[in-house]
Amino acid sequence: MSIIVRQLTKSFDYYKKEVGLKQSIKNLFYREKLVKEAVKGISFEIEEGEIVGFLGPNGAGKTTTLKMLSGILHPTSGEASVMGYTPWERKKSFKKNISIVMGQKNQLWWDLPANESLYLNKCIYEIDDRLYYETLEELTSILDVKEQLKVQLRRLSLGERMKMELIAALIHRPKVILLDEPTIGLDLVSQKSVREFLAAYNKDTKTTILLTSHYMKDIQDLCKRTIVINHGTIVFDGPLSGINDSLGRYKLIKLRMDEPVDQERLLQFGRIKNHDGMEATLEIEADSIKSVTRQLLDHLPVIDITIEEYPIEEGIAQLYRRMDEP
Amino acid sequence: MSKLSPFLKEIVKYVKVYGLFVKNCIIAEMEFRTNFFMGVAVECSWLVSKLIYAFVFYNTGATVSGYSPDAILIFIGMHTVMTGVLISFFWPNFSRLTQYVREGTLDLFITKPISLQFMVTLRYFNFGTLLPNVVGGAAMIAVGLYRLDMPPSLYDFGAFILFVALATIVTYALFLLPNLLSFKIVDMGPINQIIGQAQEVNNVPMIVYSKWVQLAGLYLLPIFTISNAFPLFILGRMDSAFLVWIIASPIILLILIRLLWRSSIAQYASASS
Amino acid sequence: MTALDKYTHAFLISFKRTLEYRASFFIGLVSAVFPIMMQYYMWTTLYGHSESNEYFGYSYKEMLLYILLSSIVALLVSTGFEWEISHDIKDGGLNMFVIKPIGYMNYRLFCFGGAKSMQLAFIFIVIAAILTIYANVYHLTFEAARIALFIFSVLLSLLLNFLVFFCLSMTAFWMAEVWGVYAGFGVLSNLLGGGLFPIEVFGPLVNNALNYLPFKYIIYFPITVLTKTLSYDSITAGLLAQACWIGVLYILSRFLWSLGTKKYVSIGG
């Protein structure tokens, strides 16, 4: 078992900040201390070689969980074991076998060519010469950035920089790699190549991969298993198809019409999510999409119609709501 | 490599990594030539400022507590050298601490299998600011010694290196101390201003100050030891008791700052979001 | 909105902003304690507690008053807008001002005024305190007329320093990196202006040269109005010199501005 998490909890203290002059003066002497529970007693287990996705809206606790698993944060309570180590003890041998990549934060030096930064990593991680050059050769070939090694980081495109970050994260052949929003800000082509690379790398090396993302596509393409977190608790843990089923039951139809249509007319087709004069968004059961669409085109002055997947945040929120129901 | 004990291996690793830090910083700095020369020029203007102090002492021709202006030049020279050390080796790192915390880069450093304190406080090195200060300061010391008919011997040079090393440790600890507040305070500007001004107290030899100020500056916050130790030694004004303190204080301060650092990081790891 | 309205608006915004960041201003005041303390001890030791000694034409009492006032006055006349100007030039914020040359400098002047008027009150209180304590300790009196002339001279210094740094900031039109120029110039102008030591310490040669430069009229001259027994003739001459330099620098600033904006516009902003 690569990663074991039991009842992991993290709470933050913060002070209530009020606006206004009177309150600012009051704040000098007395501040109300509040507690935010970012992660509330979560538990899960991950096998070696799995790719697991962490899904959830902003502030759900994904990044906090990742930070605890990498040893950056101490939990308020609970246990975790990564490759047999307790992460926040920060043992050197633990650090040498794990890697974390955080969205747009660079671990590579801005002013230097990537190969200098990578060499620095070689020394920090105490990698053997031969192993280092072998790994470097492999990774730069697969990611096709051999030429860019000698170019200064700031001269590379965002996509190329991300590839270098990945190489830096993998150069010491970690057994576990944590990725926090790895594709954020990347163009679609780069996103795709990052996903393909990670999938292939995992297949090849059996490295355990944990990634958080806002993008459904990241999870769909990479993760056989998804853990959905909301408000600090796990609301779903299982294969992707499970989520798809609960989300896929509904789809959204966006309509644009050439004359305003009032609510009653729209209500007969499905639940109204949005209605603004000549534009409307309806929520329709996926099974009846075909028949409802035909009806809408027949009975309403539609000039443009699009059928969309249910947005993930809403799906999760629905998921969460449904978990609360008896 | 495998023949060395693990402890020695660690030391070799840190020396090697630090060498890379320095090399990489110099390369990056040389990239922007205009910037580099500008930095050197600015430091030279500060050098002029320090020389004015010497100039004033010479012009008044006064002897202070038995120190002639030539002797005082040695004090100012040592201060110049140590200023160079501070702003080249340490300040570029200390001033980035608040940025690391704010941008989350600190988190990335924490996950590296190398001492966090080492990484954060020594990663950057500024070559351009070191040169004028070390050269200028050393020149002042040499000139002072020659004019006093005490041409420096090899032994003196060795002592100089030793005292610079000791003073460097004290500089590191004393100036890192207020910067630990970066973990708690967002706007370090005012604090940096105060530190900048406070550092100037070594522009003049400590004998100029009143007794209480001297004691505070030697034993409470040993800032005076940084620029006064070597001159006192080379001018033969240092007694053995004082020498003991000069050797002991860096060790004490290093231990203290290490403990304070670890406590700050522990708080960060518990409190940050 | 008339031009004057816009300027008044800039003045008020700057005033408010300085009020908000008053902490950093107060810290600046507090941190001035260190150089003052250092100078106090240095001169006290040099004068060896003997009141009859004179260095560079200053008695101990006079030197003490000088160093007390110089740090404060230096803080008062200090600028910071040169960084904002260089950003405007680099980032294209200058675009809206380029058509109207006087507009930008006036805008900057009103901003400067707004910021300083907030600080002026405090600084004058501090100076008044220093003078009162000093007068009590040394049984002196400061003539009301001199104090008034001092205040007037300081206001001229503010304008003068503004123009000096405005001209300096014009280098941003031609130089890629200006921080070094600003920093280095700042150190030297403070030094030559008497912000650290009274300029007499530089010796007769340098003092002669300084007569042909505006620097001594920024910090040194206003202080000597108060501290030295200058005749009213000399004071008048000095004030005229300040006014002349203001005139010269104004013309220089207009010239540099037109040169700079030509280049700026030709590049496309």
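Residues numbered from 1 in each chain as written. Chains lettered and ligands numbered in written order. Predicted model: local features only at pLDDT ≥ 70, side-chain atom pairs only at ≥ 80, totals over all residues.

1. Remarks on the overall build of chain B
Part 1 of the argument: The secondary structure content of chain B amounts to 12 helices and 0 strands.
Part 2 of the argument: Put simply, chain B runs from its N terminus to its C terminus through helices and strands in the order α-α-α-α-α-α-α-α-α-α-α-α.
Part 3 of the argument: The C-alpha atoms of chain B give 20 Å as radius of gyration, which agrees with the globular expectation for 273 residues (19 Å, within 12%).
Part 4 of the argument: Expressed as a percentage of its 273 residues, the buried residues of chain B come to 37%. (Helix = DSSP H or I, 4+ residues; strand = E, 2+ residues; numbered from the N terminus. Rg over C-alpha atoms; globule rule 2.2 N^0.38 Å. Buried ≥ 20, exposed ≤ 12 C-beta atoms within 10 Å, placed from the backbone.)

2. Structural notes on the overall build of chain C
Part 1 of the argument: For chain C, the helix and strand inventory stands at 11 helices and 2 strands.
Part 2 of the argument: Of the regular secondary structure in chain C, the N- to C-terminal order runs α-α-α-β-β-α-α-α-α-α-α-α-α.
Part 3 of the argument: In terms of its C-alpha atoms, chain C occupies a principal-axis envelope of roughly 65 × 40 × 35 Å.
Part 4 of the argument: Scored against the burial criterion, the 269 residues of chain C give a buried share of 36%.
Part 5 of the argument: Counted over contacts in chain C with a minimum sequence separation of 6, partners at least 24 positions apart contribute 79%. (Contact = placed C-beta atoms within 7 Å.)

3. Description of the interface of chain B and chain C
Part 1 of the argument: If you look at the interface, chain B gives 28 residues, while chain C gives 24 residues.
Part 2 of the argument: Taken together, the elements giving at least two residues each to the side of chain B that touches chain C come down to helix 2 (33-60) and helix 9 (189-198) of chain B.
Part 3 of the argument: It is helix 2 of chain B that contributes the most residues to the side of chain B that touches chain C, 13 residues altogether.
Part 4 of the argument: In the side of chain B that touches chain C, the residues fall into 15 nonpolar, 12 polar and 1 charged. (Nonpolar A, V, L, I, M, F, W, Y, C, P; charged D, E, K, R; others polar.)

4. Here's the deal with the sheet that holds strand 4 (residues 77-82) of chain A
Residue and element names in this part refer to chain A.
Part 1 of the argument: The sheet built from 3 strands is open, its strands ordered 2-1-4 with antiparallel pairing. Edge positions in the open sheet fall to strand 2 (33-46) and strand 4, since each of these has one partner strand only. Across the sheet, the mean angle from the axis of one strand to that of its neighbour is 30 degrees, orientation sign disregarded.
Part 2 of the argument: Examined bridge by bridge, strand 1 (residues 3-15) and strand 2 share 10 bridges and lie antiparallel to one another. Pairing of serine 11 across the sheet is with glutamate 37, part of strand 2.
Part 3 of the argument: Where helix 2 (residues 62-70) meets the sheet, it contacts strand 1, strand 2 and strand 4, and its direction lies at approximately 115 degrees from that of strand 1. (Pairing = 2+ DSSP bridges. Axes fitted to C-alpha atoms, helices over the stretch in contact; angles between N-to-C directions.)

5. Structural notes on helix 3 (residues 33-47) of chain C
Because an α-helix completes one turn every 3.6 residues, residues spaced three or four positions apart along the sequence face the same direction.
Residues and elements named next belong to chain C.
Part 1 of the argument: Taking 1.5 Å of rise per residue, the 15 residues of helix 3 would be expected to cover 21 Å, and the 21 Å separating its terminal C-alpha atoms lies within 8% of that figure.
Part 2 of the argument: If you check which residues of helix 3 are buried, you get Pro35, Met38, Gln39, Met42, Trp43, Leu46 and Tyr47. Along the axis of helix 3, the buried positions cluster into a sector of 150 degrees, meaning they face one direction only. (Expected span 1.5 Å × (residues − 1). Arc of directions from axis to C-beta.)

6. Examining the interface of chain A and chain B
Part 1 of the argument: Contact with chain A, which involves 25 residues of that partner, is made by 21 residues of chain B.
Part 2 of the argument: Among the elements of the structure, strand 1, helix 2, helix 3 (92-95), strand 5 (98-102) and helix 4 (114-124) of chain A are those that each provide at least two residues to the side of chain A that touches chain B.
Part 3 of the argument: The dominant element in the side of chain A that touches chain B, judged by the number of residues it contributes, is helix 4 of chain A, at 4 residues.
Part 4 of the argument: In terms of residue class, the side of chain A that touches chain B is made up of 12 nonpolar, 4 polar and 9 charged.

7. Side note on the packing of helix 2 of chain B against helix 7 (residues 127-147) of chain B
Residue and element names in this part refer to chain B.
Part 1 of the argument: For the pair helix 2 and helix 7, the least separation of the axes is 8 Å and the interaxial angle reads 35 degrees. Handedness of the helix 2/helix 7 crossing: right-handed. Across the interface between the two elements, Phe36, Gly39, Val40, Glu43, Cys44 and Leu47 of helix 2 pack against Gly128, Thr129, Leu131, Pro132, Asn133 and Gly136 of helix 7.
Part 2 of the argument: Looking at side-chain class alone, the contact of helix 2 with helix 7 contains 6 nonpolar, 5 polar and 1 charged residues. (Left-handed = near helix turned anticlockwise from the far one by under 90°.)

8. Some words on the arrangement of the chains
Part 1 of the argument: The protein chains that touch form 2 pairs of chains, and the pair with the most contacts between them is chains B and C.
Part 2 of the argument: One finds no contact between chain A and chain C; the C-alpha atoms of the two approach each other to within 12 Å at their closest.

9. As for the sheet that holds strand 11 (residues 271-276) of chain A
Whether parallel or antiparallel, the strands of a sheet pair through hydrogen bonds between backbone atoms.
Residues and elements named next belong to chain A.
Part 1 of the argument: Read across the sheet, 4 strands follow the order 11-12-10-13 without closing on themselves; strand pairing throughout is antiparallel. At either margin of the open sheet sits one strand with a lone partner, and together these are strand 11 and strand 13 (302-309). Put simply, the sheet's adjacent strands are angled 20 degrees from each other on average, direction ignored.
Part 2 of the argument: Where strand 11 and strand 12 (residues 279-285) come together, 5 bridges link them in antiparallel fashion. Bridging across to strand 12, isoleucine 272 finds its partner in leucine 282.
Part 3 of the argument: The sheet contacts of helix 11 (residues 289-299) involve strand 10 (250-257), strand 12 and strand 13, and relative to strand 13 the element is tilted by about 165 degrees.

10. Some thoughts on unusual backbone geometry
Residue and element names in this part refer to chain A.
Part 1 of the argument: The backbone of aspartate 144 sits at a positive phi, close to 60 degrees, despite the residue not being glycine.
Part 2 of the argument: The topology assignment puts aspartate 144 in the loop between helix 5 (129-143) and helix 6 (158-170).
Part 3 of the argument: Take aspartate 144: there are 12 C-beta atoms within 10 Å of it, and that puts it in the exposed class.
Part 4 of the argument: At lysine 206, a position not held by glycine, the phi torsion is positive, near 55 degrees.
Part 5 of the argument: By the element assignment, lysine 206 lies in the loop between helix 7 (188-205) and strand 7 (208-213).

11. Observations regarding the environment of Thr105(B)
Part 1 of the argument: Along the chain, Thr105(B) falls in helix 5 (residues 105-110).
Part 2 of the argument: Setting aside residues no more than four positions away along its own chain, Thr105(B) makes contact with Lys105(A) and Tyr100(B).

12. Focus on the environment of Leu34(A)
All names here are of chain A.
Part 1 of the argument: Counting through the fold element by element, leucine 34 comes out in strand 2.
Part 2 of the argument: Here leucine 34 falls in the exposed class, since 10 other C-beta atoms lie within 10 Å of it.
Part 3 of the argument: In this structure the C-alpha to C-alpha distance between leucine 34 and lysine 16, which are 18 residues apart in sequence, comes to 6.6 Å.
Part 4 of the argument: For leucine 34, the contacting residues outside a window of four places in its chain are Tyr14 and Lys16.

13. Concerning the confidence of the model for chain C
Part 1 of the argument: Counting all residues, the mean pLDDT for chain C is 86, and 95% of those residues have values of 70 or more.
Part 2 of the argument: When pLDDT is averaged over each element of chain C, helix 7 (residues 144-169) of chain C comes out on top at 92 and helix 2 (residues 22-31) of chain C at the bottom at 81. (pLDDT = per-residue confidence, 0-100.)

14. A few points about the packing of helix 3 (residues 69-94) of chain B against helix 7 of chain B
Residue and element names in this part refer to chain B.
Part 1 of the argument: For the pair helix 3 and helix 7, the least separation of the axes is 7 Å and the interaxial angle reads 165 degrees. Compared by their axis directions, helix 3 and helix 7 come out roughly antiparallel. The element helix 3 and its partner helix 7 pack so that their crossing is left-handed.
Part 2 of the argument: Its residues assigned to classes, the contact of helix 3 with helix 7 shows 14 nonpolar, 10 polar and 2 charged. (Parallel < 35°, antiparallel > 145°, perpendicular 65-115°, else oblique.)

15. Examining the nonpolar core
Part 1 of the argument: Judged by nonpolar contacts, the single largest core of 122 residues is most densely connected at Ile72(B), Ile74(B), Ala167(B), Phe175(B), Trp43(C), Met63(C) and Val73(C).
Part 2 of the argument: When residues in this core are grouped by element, the largest group, 16 residues, is from helix 3 of chain B.
Part 3 of the argument: Excluding residues within four positions of it along the chain, Trp43(C) makes contact with Tyr60(C), Met63(C), Leu64(C) and Ile67(C).
Part 4 of the argument: The next biggest cluster of nonpolar side chains, apart from the first, holds 64 residues, and it includes Val39(A), Ile42(A), Ile127(A) and Ile229(A). (Core = buried A, V, L, I, M, F, W, Y, C linked by C-beta atoms within 7 Å.)

16. Description of the pairing of strand 6 (residues 176-180) of chain A
Along any regular strand, the residues point their side chains to alternate faces of the sheet.
All names here are of chain A.
Part 1 of the argument: Counting buried residues in strand 6 gives 5 out of 5 residues, a clear majority hidden from the surface.
Part 2 of the argument: Here strand 6 runs beside strand 7; their pairing, made up of 5 bridges, is parallel. When the sheet's bridge partners are listed, isoleucine 177 is paired in strand 7 with isoleucine 209.
Part 3 of the argument: In this fold, the crossover linking strand 6 to strand 7 by way of helix 7 has right-handed handedness. (Right-handed = clockwise from strand over helix to strand, strands pointing away.)

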